[in-house]
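Below are the chains, spelled out letter by letter.
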Amino acid sequence: MPANWWTRRGHYFWYVVREFTSLPLAIWLLWFLLQIYSANSYQTLSKQFLPAFAVFSIFCLPFALYHSWTFLSLAGTIIHLKLLDRPVSSRVIVATQFAAWIGASVVIGFLLVWLAR
Amino acid sequence: MPDKRITLRATRYDPEKDKAPRIQSYDIPFYDESMVVLDALNYIKSHVDGSLSYRWSCRMGICGSCGMMVNGTPKLTCNAFLRDYWPRSVTVQPLNNFPVIRDLVIDMDDFMHKLKSIKPWIIRKQELPLGVGAHYQTNEQIDDFRQFSECINCMLCYAACPVYGLNDGFLGPAAIALARRYNLDSRDQGLKERQPIIGDAEGIWECSFVGECSVVCPKGVDPAKAIQQTKLDTTMRFVLPYGNRD
């Protein structure tokens, strides 16, 4: 196969983008862990929060959102559930995944804001 | 009104004469809106160039013989209507990721070998005595695997799969979907026999869920779904206590 196989079709291209999103997210996580490691407390962490990290976080946000969106959208394909001997619709499975994602995001966001006060 | 015509560009390759495949153009009449690419190939073979080689059989989308690349997309040529391409030309090439024997004919030995490796037959630990009668299944039991039994072995999924294109050791979408079909069959007891093949590094775990196999599948088998569900089932059998029981 030629090296540019992934440019031939839109589906291949977005697949490679999806796989690539792991790289900035991995770098972001390592950087975040470094910041936690170097901070003595949460107050110190928030004071030491680098502008560069903030900019990088904003840069990584669309990658994280796309990665999450594609992963959760495929949950209905991957998960095969039966309830009372009837298969659960893939749409229901996907909806619960997104609901859990939004719920977890709200809870974590609330905790972060509350701890920062 | 002048007769409509369409240009078909087909790969030509005779290993005894040609160093590499080449494209040859044919200008043919587009005499019916219901014409498909296979009709065009048959017209060429009958009236223009009898040396053109290609596979076909049922001409109605059930045998899986006529799979080729049509304008870069793996398609059954009996199901690719010329009206969807006209007035542009149609380029017909042999299926990607397979060695070419001649013109549009590919070597499918690797595919056949992979299909056979997953043991696509009912495996029983103990055969039921004849006197017991037929092994009945409910509609729900058949529905469990019905979708994965629709495969016509056309190999379009292998032509579309970039993982198979990069690594021909990959077991592939159709073989794994077929394995799942038998593993889900209530009559079958052969999951443990198939597991070493499916669970191999070049089995389900080589798949990275591109999903193009399911996009091109003409029968709606959704092999990508079969592979991902097999990954989940295999993992749960490994993780759960007594998950690997019969």
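Residues numbered from 1 in each chain as written. Chains lettered and ligands numbered in written order. Predicted model: local features only at pLDDT ≥ 70, side-chain atom pairs only at ≥ 80, totals over all residues.

## Observations concerning the packing of helix H2 (residues 22-38) of chain A against helix H4 (residues 51-73) of chain A
All names here are of chain A.
Thought 1: Contact geometry for H2 and H4: axes closest at 9 Å, N-to-C directions at 135 degrees. Relative to H4, the element H2 is oriented oblique. The handedness of the crossing between H2 and H4 is left-handed. Residues Pro24, Leu25, Trp28, Trp31 and Gln35 of H2 touch H4, and the partners they reach there are Phe53, Phe56, Ser57, Cys60, Phe63, Ala64 and His67. (Axes fitted to C-alpha atoms, helices over the stretch in contact; angles between N-to-C directions. Helix = DSSP H or I, 4+ residues; strand = E, 2+ residues; numbered from the N terminus. Parallel < 35°, antiparallel > 145°, perpendicular 65-115°, else oblique. Left-handed = near helix turned anticlockwise from the far one by under 90°. Contact = placed C-beta atoms within 7 Å.)

## Some details on the domain arrangement of chain B
All names here are of chain B.
Thought 1: Domain annotation of chain B identifies domain 1 (5-106) and domain 2 (109-239).
Thought 2: On a C-alpha basis, the centroid separation for the pair domain 1 and domain 2 is 30 Å.
Thought 3: Elements supplying a minimum of two residues to the side of domain 1 that touches domain 2: strand E3 (67-70) and strand E4 (73-76).
Thought 4: Here the side of domain 1 that touches domain 2 gets four residues from one element, more than from any other, and that element is E4.
Thought 5: In the side of domain 1 that touches domain 2, the residues fall into six nonpolar, seven polar and one charged. (Domains from an automatic or database assignment. Nonpolar A, V, L, I, M, F, W, Y, C, P; charged D, E, K, R; others polar.)

## Quick word on the environment of A:Leu50
Thought 1: When you line up the elements, A:Leu50 lands in the loop between helix H3 (42-47) and H4.
Thought 2: Sequence separation between A:Leu50 and A:Gln35 is 15 residues, and the spatial gap between their C-alpha atoms is 9.1 Å.

## Let's talk about the interface of chain A and chain B
Thought 1: Tallying the contact residues gives 13 residues for chain A and 15 residues for chain B.
Thought 2: Of all the secondary-structure elements, those providing two or more residues to the side of chain A that touches chain B are helix H1 (10-20) and helix H5 (75-78) of chain A.
Thought 3: Of the residues that constitute the side of chain A that touches chain B, the class distribution is seven nonpolar, three polar and three charged.

## Remarks on the packing of helix H6 (residues 173-184) of chain B against helix H7 (residues 191-198) of chain B
All names here are of chain B.
Thought 1: Orientation of H6 relative to H7, taken along the N-to-C sense of each, is 160 degrees, at an axis distance of 10 Å. One way to sum up the angle between H6 and H7 is to call them roughly antiparallel. The handedness of the crossing between H6 and H7 comes out as left-handed. On H7, the residues that touch Ile176, Ala179 and Asn183 of H6 are Leu191, Arg194 and Ile198.
Thought 2: Broken down by class, the residue content of the contact of H6 with H7 amounts to four nonpolar, one polar and one charged.

## A closer look at H6(B)
Residues and elements named next belong to chain B.
Thought 1: Across its twelve residues, H6 extends 16 Å between first and last C-alpha, which sits within 8% of the 16 Å expected from 1.5 Å per residue.
Thought 2: Most of H6 sits inside the fold, with twelve of its twelve residues counted as buried.
Thought 3: For H6, every residue scored as buried is listed here: Pro173, Ala174, Ala175, Ile176, Ala177, Leu178, Ala179, Arg180, Arg181, Tyr182, Asn183 and Leu184.
Thought 4: Considering only its buried residues, H6 is in contact with helix H2 (109-117), helix H3 (139-146), helix H4 (156-160), H7, helix H8 (212-216) and helix H9 (223-239). (Expected span 1.5 Å × (residues − 1). Buried ≥ 20, exposed ≤ 12 C-beta atoms within 10 Å, placed from the backbone.)

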